[in-house]
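Here is what each chain is made of, one letter per residue.
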Amino acid sequence: TNLRVGGVEFLALGVGNSRGAYLFQGGTLRLAEIGKDGSDVIAKRCRQDKGRVESLVYRELYPRLPVATLHFYGSVQEEDGGFEWLFLEDVGDRPYRPEVAEHRRAAGHWFGLAHALSKDLELRSQLPDRGPEFHHAYLSHVLEALPEILAERTLDAGGRTLLHEIIEQCEHVAGHWHRVDAFCLGLPRALVHGDCLRKNVHVRSTRDGVNIVPFDW
């Protein structure tokens, strides 16, 4: 079966190193040897709202960073709408390991540069707000939903005890939210990776040493 995206068809020649071959993992494909210098390209399928945010970071922030980043080839919307494909440089399979001091230093340097630079870019109006107001609303939603879950008869005694503890902790945080607001009041707004897990931060070696590459914003 061939992959067809936005009127462009990629030939499926089988799994391997043949040009156009791809491996499928969930909503992600590896397109073999079609990138610059014969490198592989990652094709990622995602909702258009998420793809818009991620594309914005790759287009506006990454080219301006004074460190090596991944190359963004562009995006294509599916013909029926709702989803789109992002085409990214394959940065390899070496994951970030926080227990490695060299990795931690590289991460601190990269995100420090990204946070400082994002303040000077016109990104705030184009990105979703994830400030205290958003998280307070999310906390309120959780507090409304938890009693309904607690009423489920399928919960055993241990599950009920755990949920009661979670509700108490959430109510404690909600009751002191004014302190969260006060703490955040003087802090500058900056770009934040919303899913900064090991699987979304890889490491590669360059002439200047170890460099991290965050993706899946």
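Here, every reference points to the structure presented above.
What counts, and where the lines are drawn
- Residues numbered from 1 in each chain as written.
- Predicted model: local features only at pLDDT ≥ 70, side-chain atom pairs only at ≥ 80, totals over all residues.
- Heavy atoms only, no water.
- Helix = DSSP H or I, 4+ residues; strand = E, 2+ residues; numbered from the N terminus.
- Buried < 20%, exposed > 50% of the residue type's maximum accessible area, 1.4 Å probe, protein only.
- Contact = heavy atoms within 4.5 Å.
- Areas by Shrake-Rupley, 256 points an atom, 1.4 Å probe, with all protein chains shown as cover.
- Salt bridge = Lys/Arg side-chain N within 4 Å of Asp/Glu carboxyl O.
- Core = buried A, V, L, I, M, F, W, Y, C linked by side-chain atoms within 4.5 Å.

Asks: What am I meant to see in the overall build of the chain here?
Replies: When its secondary structure is counted, the chain shows five helices and nine strands. For the chain, the sequential pattern of α-helices and β-strands runs β-β-β-β-β-α-β-β-α-α-α-α-β-β. By residue count, 34% of the 217 residues in the chain fall in the buried class. A separation of at least 24 residues holds for 56% of the contacts in the chain among residues at least 6 apart in sequence. Accessible surface, the chain as shown: approximately 13,700 Å² in total, 53% of it carbon and sulfur.

Asks: Where do I start with the pattern of salt bridges in this structure?
Replies: Think of it this way: side chains of opposite charge can pair up when their charged atoms draw near. Under the definition given, this model contains 14 salt bridges. In this structure, the salt-bridge partner of Asp93 is Arg30, at a minimum N-O distance of 3.4 Å. With Asp93 in the loop between β7 (83–89) and α2 (101–118) and Arg30 in strand β4 (residues 28–31), the pair connects residues that are 63 residues apart, well separated along the chain. Look at Asp93 and you get exposed, because its relative accessible area is 60%. The salt bridge involving Arg189 is made with Glu133; its shortest N-O contact spans 3.8 Å. Taken together, the residues span a long stretch of sequence, with Arg189 in the loop between α5 (177–185) and β8 (201–206) and Glu133 in helix α3 (residues 132–150) at a distance of 56 residues. Judged by relative accessible area, which is 39%, Arg189 ranks as partly exposed. What emerges from the salt-bridge pattern is a single network uniting Lys44, Lys50, Glu54 and Asp216.

Asks: Is there a simple way to think about the nonpolar core in this case?
Replies: Across soluble globular proteins, nonpolar side chains have a tendency to be buried as a group. If you look at the biggest cluster of nonpolar residues, it comprises 30 residues, and the most contacted ones within it are Leu61, Tyr62, Trp110 and Ile212. Those elements that place two or more of their residues in this core are α1 (48–61), β7, α2, β8 and β9 (209–214). Sort the elements by how many residues they give to this core and α2 lands first, with six residues. Among residues more than four places away in sequence, those in contact with Tyr62 are Val57, Thr69, Leu70, Trp110, Pro214, Phe215 and Trp217. Formed by six residues, the second largest nonpolar core is a distinct cluster that contains Leu29, Leu31, Trp85 and Phe87.

Asks: Mind showing me how you'd approach the environment of Glu102 here?
Replies: Relative to the assigned elements, Glu102 resides in helix α2. For the pair formed by Glu102 and Gly209, sequence separation is 107 residues and the distance between their alpha carbons is 9.1 Å.

These values are about where atoms sit, not about what they do.
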